[in-house]
Amino acid sequence: MTAPAVLTVFAVALALLGPALLSRTSWLERSPRIGIAAWQALSVSLVSAVVLAGLSLAVPAIPWTTDLAEFIRTCAMTIVAQYSTPGGAIVSATGAAAALAILARVVYCVVSDRTLAARTRKAQLDALALIARPHLRYDALVVEHPAAAAYCLPGRARQVVLTSAALSALDHSQLLAVLAHERAHLRGRHDLILAAADALQHAFPRVAAFRIARTELGRLVEMLADDNAVRHSDRTTVATALVRLAEHGVTPVAALGAGGESALNRVRRLISPVRPLGTGRTAVAALAMGVLVALPLFFAIAPASAAGAMAPCPAGEQSLAM
Amino acid sequence: MVRPLGTLEQLVMDRIWSWARPVAVREVLEDLQRERTLAYTTVMTVMDNLRRKGMLTREKDGRAYLYGAAQTREQHTAAFMGEVLAGGADTAVTLLHFLEHIPPEEVASLRLALDDHLQGRKSTAP
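Residues numbered from 1 in each chain as written. Chains lettered and ligands numbered in written order. Predicted model: local features only at pLDDT ≥ 70, side-chain atom pairs only at ≥ 80, totals over all residues.

The name an unreviewed UniProt entry gives chain B is BlaI/MecI/CopY family transcriptional regulator, with Cryobacterium fucosi as the organism. UniProt lists a comment for chain B under the heading Sequence similarities (unreviewed entry), and it reads "Belongs to the BlaI transcriptional regulatory family." (UniProt positions renumbered as here; feature names shortened; annotations may be inferred.)

An unreviewed UniProt entry lists chain A under the name M56 family peptidase, from Cryobacterium fucosi.

(A) The arrangement of the overall build of chain B in detail. From N to C terminus, chain B includes six helices and three strands. The N-to-C order of helical and strand elements in chain B reads α-α-α-β-β-α-α-β-α. In chain B, which comprises 126 residues, the proportion classed as buried is 26%. Nonlocal contacts in chain B, meaning residues at least 24 apart in sequence, comprise 39% of its contacts between residues at least 6 apart. (Helix = DSSP H or I, 4+ residues; strand = E, 2+ residues; numbered from the N terminus. Buried ≥ 20, exposed ≤ 12 C-beta atoms within 10 Å, placed from the backbone. Contact = placed C-beta atoms within 7 Å.)

(B) Expanded view of the nonpolar core. One finds A:L7, A:V161, A:L242, A:L245 and A:V267 to be the most contacted residues of the largest nonpolar core, which totals 109 residues. Take this core: its biggest share by element is 15 residues, from helix 3 (residues 32-58) of chain A. (Core = buried A, V, L, I, M, F, W, Y, C linked by C-beta atoms within 7 Å.)

(C) Main features of the interface of chain A and chain B. Listed per partner, the contact involves 56 residues of chain A and 36 residues of chain B. For the side of chain A that touches chain B, the element with the highest residue contribution is helix 5 (residues 86-131) of chain A, accounting for 12 residues.

(D) Quick look at the sheet that holds strand 2 (residues 141-143) of chain A. What the five strands build is an open sheet, ordered 1(A)-2(A)-4(A)-3(A)-3(B); its pairing is mixed. Whereas interior strands pair on both sides, the edge strands pair on one side only; in this sheet they are strand 1 (133-134) of chain A together with strand 3 (96-97) of chain B. As paired strands, strand 3 (residues 150-153) of chain A and strand 3 of chain B are joined by two bridges and run antiparallel to one another. Residue pairing in the sheet places A:Y151 in a bridge with B:H97 of strand 3 of chain B. Helix 7 (residues 172-187) of chain A rests against strand 3 and strand 4 (159-163) of chain A together with strand 3 of chain B of the sheet, and its axis sits at about 25° to strand 3 of chain A. (Pairing = 2+ DSSP bridges. Axes fitted to C-alpha atoms, helices over the stretch in contact; angles between N-to-C directions.)

(E) Inspection of the UniProt feature "domain: Peptidase M48" (unreviewed entry) in chain A at higher detail. As annotated by UniProt and renumbered to match this structure, "domain: Peptidase M48" (unreviewed entry) occupies residues 126-197 of chain A. For residues 126-197 of chain A, the helix share is 50%, the strand share is 19%, and the end-to-end C-alpha distance is 27 Å.

(F) Geometry of the UniProt feature "transmembrane region" (unreviewed entry) in chain A. Residue and element names in this part refer to chain A. UniProt marks residues 38-61, 90-111 and 283-302 with the feature "transmembrane region" (unreviewed entry), using the numbering shown here. With 100% helix and 0% strand, the stretch residues 90-111 has end C-alpha atoms that lie 31 Å from each other. End C-alpha to end C-alpha, residues 283-302 measures 26 Å, and it is 100% helix and 0% strand.

(G) Inspection of the pairing of strand 1 (residues 56-61) of chain B at higher detail. All names here are of chain B. With six bridges connecting them, strand 1 and strand 2 (residues 64-69) associate as antiparallel partners. Along strand 2, the bridge assignment pairs T57 with G68. Count of turn residues in the strand 1/strand 2 antiparallel hairpin: two residues, of which G62 carries a positive phi of about 65°.

(H) The pairing of strand 3 of chain A, seen in detail. Residues and elements named next belong to chain A. Of the two faces of strand 3, the one carrying A150 and C152 and the one carrying Y151 and L153 are both buried. When strand 3 meets strand 4, the two strands line up antiparallel, connected through four bridges. Each bridged residue has a counterpart across the sheet, and for L153 the counterpart in strand 4 is Q159. Where strand 3 hands over to strand 4, the hairpin turn is made up of five residues, of which G155 adopts a positive phi near 110°.

(I) Broad picture of the packing of helix 8 (residues 190-203) of chain A against helix 9 (residues 208-232) of chain A. Residue and element names in this part refer to chain A. The N-to-C vectors of helix 8 and helix 9 enclose an angle of 170°; their axes lie 8 Å apart at closest approach. Between helix 8 and helix 9, the interaxial angle falls into the category roughly antiparallel. On helix 9, the residues that touch H190, I193, L194, A197, D198, L200 and Q201 of helix 8 are F210, R211, A213, R214, L217, G218, V221 and A225. Among the residues forming the contact of helix 8 with helix 9, the class breakdown is nine nonpolar, three polar and three charged. (Parallel < 35°, antiparallel > 145°, perpendicular 65-115°, else oblique. Nonpolar A, V, L, I, M, F, W, Y, C, P; charged D, E, K, R; others polar.)

(J) Layout of the confidence of the model for chain A. Residue and element names in this part refer to chain A. Considering every residue of chain A, the mean pLDDT works out to 82; 83% of them sit at 70 or more. Within the model, the stretch residues 252-258 combines pLDDT values under 50 with nine contacts to residues more than four positions away or in other chains. Per-residue pLDDT stays below 50 along residues 312-322; that stretch engages in 12 contacts with residues further than four places along the chain or on separate chains. (pLDDT = per-residue confidence, 0-100.)

(K) Spatial organisation of the confidence of the model for chain B. Residue and element names in this part refer to chain B. For chain B, the average pLDDT comes to 81, and 86% of its residues sit at 70 or higher. Here helix 5 (residues 89-92) is the element of chain B with the lowest mean pLDDT, 60, and helix 3 (residues 40-52) is the one with the highest, 90. Considering only residues more than four positions removed or in separate chains, one finds that residues 1-5, a stretch of pLDDT under 50, has six contacts. Two numbers describe this predicted complex: its pTM, 0.81, and its ipTM, 0.76.

(L) Looking closely at helix 9 of chain A. Taking 1.5 Å of rise per residue, the 25 residues of helix 9 of chain A would be expected to cover 36 Å, and the 37 Å separating its terminal C-alpha atoms lies within 8% of that figure. Across the 25 residues that make up helix 9 of chain A, a large majority, 18, are buried. (Expected span 1.5 Å × (residues − 1).)

(M) Inspection of unusual backbone geometry at higher detail. Residue and element names in this part refer to chain A. Even without being glycine, R189 reaches a positive phi, approximately 45°. Checked against the element boundaries, R189 lands in the loop between helix 7 and helix 8. The class for R189 is partly exposed, based on 13 C-beta atoms found within 10 Å.

(N) Fine view of the packing of helix 3 of chain A against helix 9 of chain A. Residues and elements named next belong to chain A. Helix 9 packs onto helix 3 with a crossing angle of 160° between their chain directions and a minimal axis gap of 8 Å. Put simply, helix 3 runs roughly antiparallel to helix 9. The crossing of helix 3 and helix 9 is left-handed. Facing helix 3, whose interface residues are P32, R33, G35, I36, W39, L42, S43 and L46, helix 9 presents A209, F210, A213, E216, L217, L220, V221, M223, L224 and D227. Of the residues in the contact of helix 3 with helix 9, the class split is 13 nonpolar, two polar and three charged. (Left-handed = near helix turned anticlockwise from the far one by under 90°.)

Dropping the structure here:
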C-alpha cells in the first residue's frame, strides 16, 4: 500500500509547490525553450503521478523476481489475495476507476479542444478570404482595421494576419521583426504547446498548477518567438515594434492586466538581454526534468522491487500456480 | 502563399459590396462572366450559401429575388476584427496574438522603458 500513498503525497506536493518554484526561477526566461520543457515536465509528472496512484491501488505491489514462472505465480497469488477480501476488491476497483477517469478526461479535453480549434480555424480562413488581401511584399494577409494588430493562424494553412493600422505604425524593419516572430510561432507549432496546456486546464479547472502552467507557457512561447525574431532583426527593432503595436492597438474596455505585465517583461528582456543558459546549466535542467518525469514511475515500481528483494514466495502455496 | 479559399464567394461579395444596392443573381452572373464562364446555378448556389451564412439578405422583387449585403464591408470587417482582438474563448484556442490586450497606463510604461533604453544608448555612444 506504500506506492499509492507516496504517489499521492508526491502529486499534492508537486501541485502545491512546483508552480511557485518554477515561477521563481530566473532560468526559465533566460532560455524559454528550457522553461517550456520545465512546465511541460511538471504537468506530465503531475498527471502521471495521479494516474499511477490509481493504478497502484488497483494492482497491489507484486514481489519482483527474475524467474518468470515464479513471478507469474506470485502475481496470481497477490492478485487473488487482494481480490478475495471485499475491502481489497473495493480499493482496487476505486483505484482503477480513478486512473481511467483521469485518463479519459484528459483525452476527451484534448479531442474536443482540437475539434473546436479546427472549426474556428476554418471559420477564420473563410472570413479572411472575404475581407483580407494578400500583401504584395510580405507573406501576410492584410485586413483594413483602425487598431494595430498582428496575429497568426496556425495549422495547415499557416497564415500571418496584419491590420492596415499595423502596416502604417511599423517601418519595414519593424514589420520584418513582427513577421519573424509570427513565423517562429507557426514553424515551432507553439499552438500545440498551448493546446496541450489548455486541455489540462480545461480537464482540471480546479488545479491551480495547470492554470499557472498555461499562463507561464503563454509568456514563454512569446519570449521564444521574440528570441527567434532577434536572430533576423536588431533587439531594439523588435522591442520598438512591440511598443509601437501596443501604442496603436485600440484597447477594449475590459482589458486584462496580464497582457501589459508580460509585454513589459518582453520589452525589458529585449533591451537588456540576459545571457542564455550555458551548457552546464542546460544539462542540469534537462537532468532535473528527466528525474521529475521519471519519479512517479519510480515511486510506483520501487515498493514492488523492494518486496522482491525481501520475501520469496511461501513454498506451501503451489496450488495457486497457473 | 495565400490559399484560394472560397474565391467565388469573395468575387461575389466584392461586387455586392461595391455596388451597395440589392441585385439579382443574373446581374452578378453577367458581371462575373466578363472574366470567366460560369453557370447561372453556380452563382445562385454561392449566393444562397452566403445568405445562409448571414452575409447576404434577400427580398422578393416580383418573380425574382434581390440580394443585398447584410453589412457593409467596413461593418463586417470591424465586427470580425473586434471578435478576433477581443480574444473570445473560441479564438483563444487557435490564434496566437503578437500582443495581448494592454491597458493604456501600461502602454505608457512600455514606451518609458524603451525610451530610457534609447536615451541611454545615445548618451553612451561616442
